[in-house]
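# Descriptive structure summary
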Amino acid sequence: MAKKNKILVPEAREGLDQLKAKIANTNDPQKAKYEVAAEQHVSLDQGYNGNIKAKDAGKIGGNIGGNMVQELVKMGQQQLQQNRNDK
């Protein structure tokens, strides 16, 4: 399965994949969307899923992306706080 999104820093792919897995409570980033789909009660199969509703696809992607952004913001805030404490 080809990745359609292009990240600005290709070297960050591994870290983003690890974060995605952490958000979905799995060890494998490739299984993250299936874990989230199960939590959202959306039927998602291996391979082609062009038959699912856009609303359901949004539940999956929005959940993953939104939680990843939340976690990244939290990590940034912690890092800023740590930098302030180190001074």
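Heads up: these notes are all about the structure in this document. (Residues numbered from 1 in each chain as written. Predicted model: local features only at pLDDT ≥ 70, side-chain atom pairs only at ≥ 80, totals over all residues. Heavy atoms only, no water.)

## Details of unusual backbone geometry
Selection criterion: By definition, any uninterrupted DSSP run of H or I lasting at least four residues is a helix, any uninterrupted run of E lasting at least two residues is a strand, and each is numbered from the N terminus. To sort residues, take the accessible area from a 1.4 Å probe on protein chains only and compare it with the maximum for the residue type: under 20% means buried, over 50% means exposed, and anything in between is partly exposed.
With a phi close to 55°, Asn25 is a non-glycine residue in the positive phi region. Locating Asn25 in the fold gives a position in the loop between α1 (13-23) and α2 (32-39). Looking at Asn25, the relative accessible area reads 65%, which means it is exposed.

## So, the nonpolar core
Test applied: Residue types Ala, Val, Leu, Ile, Met, Phe, Trp, Tyr and Cys, when buried and joined through side-chain atoms within 4.5 Å, form a set referred to as a nonpolar core. Contacts: residue pairs with any heavy atoms within 4.5 Å of one another.
Core analysis: the biggest nonpolar cluster contains 12 residues, these being Leu19, Ile23, Ala24, Ala32, Tyr34, Val36, Ala37, Val42, Leu44, Ile60, Ile64 and Met68. At the level of secondary structure, the elements contributing two or more residues to this core comprise α1, α2 and α3 (54-86). It is α2 that provides the largest number of residues to this core, a total of 4 residues. For Leu44, the contacting residues outside a window of four places in its chain are Lys33, Tyr34, Ala37, Asn49, Ile52 and Ile60.

## What to know about α2
For α2, the set of buried residues is Ala32, Tyr34, Val36 and Ala37. Those residues of α2 that are buried are in contact with α1 and α3. Count one or two residues on from α2 and you reach His41, which has phi positive near 60°.

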